[in-house]
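# Structural description and commentary
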Amino acid sequence: MDERSAAVAIIGAGTAGLAALREVRRHTDDVLLIEAGAYGTTCARLGCMPSKLMIAAADAAEGCRNAATFGIETGPVMVDGRAVMARVQALRDRFVSHVVESVEDIPAEMRLRGRAVFEGDGRLRVTGEGRTTSVRAERIVIATGSRPMVPEMFAGLENVVTSDDVFGWQTLPESVVVFGNGIIGLELGQALTRLGVRTRLLGKDGLVGPLTDPDVRAVATEIFCNAFEFVPDHEVIDISEADRLTIAYHADGGEFSGNFDMALLAVGRVPNVDDLGLEATSLALDEDGVPLFDPDTGQCGTSAVFIAGDGQNDRPLLHEANHTGSIAGANAAAYPAVAAGHRRTPLAVVFSDPGIAIVGESHDGLMARGADIVCGAADWSKQGRAQVIDAACGRLHVYADRADTRLLGAEMVGPAAEHIAHVLALAIEQRMTLTELTAMPVYHPTLEEGLSTALCDALGQLSLGDPPLRHGLGHGAGG
Ligand SMILES: Cc1cc2nc3c(=O)[nH]c(=O)nc-3n(C[C@H](O)[C@H](O)[C@H](O)COP(=O)(O)OP(=O)(O)OC[C@H]3O[C@@H](n4cnc5c(N)ncnc54)[C@H](O)[C@@H]3O)c2cc1C
Ligand SMILES: NC(=O)c1ccc[n+]([C@@H]2O[C@H](COP(=O)([O-])OP(=O)(O)OC[C@H]3O[C@@H](n4cnc5c(N)ncnc54)[C@H](O)[C@@H]3O)[C@@H](O)[C@H]2O)c1
């Protein structure tokens, strides 16, 4: 068995692991980056980028279908599944190759290929490429990511895939039943529908992505139920498999069934911590097997182990993997001088059409802590610019503290959600009040006028004297 030692070992060369490495190398080159799989990150290979490529193709098809609304005739829209997947894979490969090149620029002596398992505190066994290496590390960063959850009832079925499989398809299937009304289910379910795949999305508990505000969720439910075969809640009665999958289920008080080429599971992701041998360490674990850690430092208890990215099982998003990776790396390098990093305003976006976003504190979170808030609303169906571009549907709610009028959070479904969410994140990060926000300039005619409507609505509900001069053009059908 080979033996290695390092001041810092990082398990996982994904987004979080690479961010941690960058921070550690500011302090020391005595670091080992351990990777069990292919270099290239989940984001580029199997996540953010290929999914957005598929959505881009789907939106192009939908744009052609809707062109007649503007008086433009395109003729029948034909989707060439092979060409769609070829573009997805070509651009995905380009994104992956950029990451792989940057990893290969890391000095070879800092990299180790193989699967790491803890053998005790500060001790790892790494197995891969035909050899086993025993690693002693003073500090360790766990950055092992997550994988799709596969519930027991699907085990053993052949025609069941996850997002790990979709982007490798050579062409598009004829039909897919998607399980999961979360972010992946909505994004891929809608994209597949727009790409001409007969798609049914079966969800649980009436949820729509991450939305928690009942009014916003109700609007989103109506929109997506009209946009494609979306069943927000169901209970499986039976799944059988011959040539195709046959699903029988209860929904809306009735009994339904359907035949599909395959099932796409998008029912959540599990952190890759279960096969890490954590039981061999002195770390305390939560009920999901994740080490108890401080979200501000990434530190697990008072140990020299830090955790980052999807492995934290907290905010499984790319920018959070990058940020928590940096925090964990900086603290692993400086240990025992551990410092809190600044955790940014929570921000989650669903790239559906219309888009969905949550910024800052969610409605559920605010209610749970008994916050005294004022909620301002905008109805996108009446918004001028949204009507111009044929995107007039959705709802925006902004939440502000009733006492000091600081913006606390927002939930939305509607046009430009990804951009409006960023404006709001900036405002929350800067601790801006409704008075300050409504004093900002708003151009006409823009979708930002819808945001202005919601902010003015919130301010108008407070007894602060006269509300500011409203940007009237943002309120109605163009004036
Ligand atoms: C379909 C899909 C779409 C997504 N879209 C978006 C999006 O649009 N925006 C967004 O913000 N987020 C999106 N995400 C989430 C985002 O991709 C993840 O949050 C992010 O990639 C997590 O990065 P990470 O570094 O934690 O994990 P990863 O990049 O997965 O890195 C973990 C690495 O650890 C390695 N590893 C695991 N166990 C071991 C071990 N024992 N030993 C050695 N190595 C090990 C793995 O092989 C892997 O390379 C999407 C995810 C999916 C699946
Ligand atoms: N745009 C983005 O930022 C983006 C895109 C894709 C993925 N991601 C990340 O990946 C994570 C995982 O995505 P996800 O969509 O798999 O998980 P998710 O946690 O977002 O949603 C899972 C959904 O599946 C439902 N569900 C659970 N069991 C079910 C069952 N048996 N049948 C039907 N539905 C069931 C749940 O109610 C939930 O709504 C996301 O939370 C997100 O952080 C982000």
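Cut-offs and rules
- Residues numbered from 1 in each chain as written.
- Chains lettered and ligands numbered in written order.
- Predicted model: local features only at pLDDT ≥ 70, side-chain atom pairs only at ≥ 80, totals over all residues.
- Heavy atoms only, no water.
- Helix = DSSP H or I, 4+ residues; strand = E, 2+ residues; numbered from the N terminus.
- Contact = heavy atoms within 4.5 Å.
- Axes fitted to C-alpha atoms, helices over the stretch in contact; angles between N-to-C directions.
- Left-handed = near helix turned anticlockwise from the far one by under 90°.
- Nonpolar A, V, L, I, M, F, W, Y, C, P; charged D, E, K, R; others polar.
- Near = heavy atom within 4 Å.
- Polar contact = N/O pair within 3.5 Å; in protein donor to acceptor, adjacent residues only side chain to side chain.
- Salt bridge = Lys/Arg side-chain N within 4 Å of Asp/Glu carboxyl O.
- Buried < 20%, exposed > 50% of the residue type's maximum accessible area, 1.4 Å probe, protein only.
- Pairing = 2+ DSSP bridges.
- Areas by Shrake-Rupley, 256 points an atom, 1.4 Å probe, with all protein chains shown as cover.
- Phe/Tyr/Trp six-rings, centres within 6.5 Å; stacked < 30°, edge-to-face > 60°.
- UniProt positions renumbered as here; feature names shortened; annotations may be inferred.

## A look at the side chain of Thr433
Counting through the fold element by element, Thr433 comes out in the loop between helix H11 (417-429) and helix H12 (434-438). Ignoring any residue separated from it by four or fewer positions in sequence, one finds Thr433 in contact with Asp404, Thr405 and Arg406.

## Notes on the packing of helix H1 (residues 15-25) against helix H8 (residues 318-334)
At a minimum axis separation of 7 Å, H1 and H8 run at an interaxial angle of 35°. Classified by chirality, the crossing of H8 by H1 is right-handed. Where H1 abuts H8, its residues Thr15, Ala16, Ala19, Ala20, Arg22, Glu23 and Val24 lie against Leu318, Ala321, Asn322, Gly325, Ser326, Gly329, Ala330 and Ala333. Classifying every residue of the contact of H1 with H8 gives eight nonpolar, five polar and two charged.

## Quick look at the site of ligand 2
Contacts to ligand 2 come from 21 residues, most closely from Ile184, Glu187, Gly268, Pro316 and Val349. Contacts to ligand 2 include Gly180, whose backbone N or O atom sits 3.4 Å from a nitrogen atom. The contact in question runs from a nitrogen atom of ligand 2 to an N or O atom on the backbone of Val349, over 2.8 Å. Per element, the largest residue contribution to the shell around ligand 2 is three residues, and it comes from helix H6 (residues 183-194). Each residue belonging to the shell around ligand 2 can be placed in one class, and the counts come to eleven nonpolar, six polar and four charged.

## Quick notes on the pattern of salt bridges
Enumeration over the complete set of coordinates arrives at 24 salt bridges. Residue Lys382 pairs with Asp379 through a salt bridge whose shortest N-O separation is 3.2 Å. Connected through salt bridges with shared partners, the residues Asp59, Glu62, Arg65, Arg194 and Asp353 form a single ionic network.

## Examining the pairing of strand S13 (residues 245-251)
The element S13 is extensively covered by neighbouring structure, given that five of its seven residues are classed as buried. Summarising the sheet, strand S12 (residues 235-241) and S13 pair through six bridges and their orientation is antiparallel. Directly across from Glu241, in S13, lies its bridge partner Leu245. Following S12, the chain reverses through three residues before pairing antiparallel with S13.

## Let's talk about the site of ligand 1
Taken together, 33 residues surround ligand 1, and among them Ala16, Glu35, Thr42, Lys52 and Asp310 come closest. At 3.3 Å, a backbone N or O of Leu317 approaches an oxygen atom of ligand 1. Protein coverage of the free-state accessible area of ligand 1, which is 1000 Å², stands at 91%. Listing elements by their share of the shell around ligand 1, those giving two or more residues are H1, strand S2 (31-35), helix H2 (42-45), helix H3 (48-66), strand S4 (115-120) and H8. The element best represented in the shell around ligand 1 is H3, accounting for three residues. Each residue belonging to the shell around ligand 1 can be placed in one class, and the counts come to 16 nonpolar, twelve polar and five charged.

## Remarks on the sheet that holds strand S22 (residues 407-414)
Pairing is antiparallel in the open sheet, where five strands are placed in the order S18-S19-S22-S21-S20. In this open sheet, the two strands that pair with only one neighbour each are strand S18 (347-350) and strand S20 (373-379). Adjacent strand axes in the sheet meet at a mean angle of 10° when their direction is disregarded. Sheet topology places strand S19 (residues 355-360) next to S22; six bridges connect them, and they run antiparallel. Its bridge partner lying in S22, Ala357 is registered against Met412.

## Quick word on the packing of aromatic side chains
The geometry of an aromatic ring pair is captured by the separation of the ring centres together with the interplanar angle, meaning the angle of the planes. Scanning the model with the defined rule gives five aromatic pairs in all. Pairing Phe154 with Phe179 gives two aromatic rings, centres 4.8 Å apart and planes at 65°, and the pair type is edge-to-face. Of this pair, Phe154 sits in the loop between strand S7 (146-148) and strand S8 (160-162) while Phe179 sits in strand S9 (residues 175-179), and the two are 25 residues apart along the sequence. With a relative accessible area of 2%, Phe179 lands in the buried category. When the centroid spacing of 6.1 Å and the interplanar angle of 80° are considered together, the rings of Phe306 and Tyr335 count as edge-to-face.

## Brief notes about the UniProt feature "binding site: FAD" (unreviewed entry) in the protein chain
Those places that UniProt annotates as "binding site: FAD" (unreviewed entry) correspond, in this numbering, to Lys52, Thr144, Gly145, Ser146 and Asp310. In terms of the greatest pairwise C-alpha distance, the residues named above, spread along 259 residues, do not form a single cluster, extending to 23.0 Å across. Counting through the fold element by element, Gly145 comes out in the loop between strand S6 (131-142) and S7. The class for Gly145 is partly exposed, based on a relative accessible area of 21%. Here Asp310 shows up in the loop between strand S17 (305-307) and H8. The buried category is assigned to Asp310, whose relative accessible area is 18%.

## Concerning the sheet that holds S8
Ordered in space as S8-S15-S9-S10-S11, the five strands form an open sheet in which the pairing is parallel. The sheet is open, and its two borders are formed by S8 and strand S11 (229-231), each paired with just one other strand. Averaged over neighbouring strand pairs, the angle between their axes works out to 25° when direction is ignored. Looking at chain direction, S9 and strand S10 (residues 198-202) are connected through five bridges and run parallel. Directly across from Val178, in S10, lies its bridge partner Leu201. Packed on one face of the sheet, H6 meets S9, S10 and strand S15 (262-265) and runs near 160° to S10.

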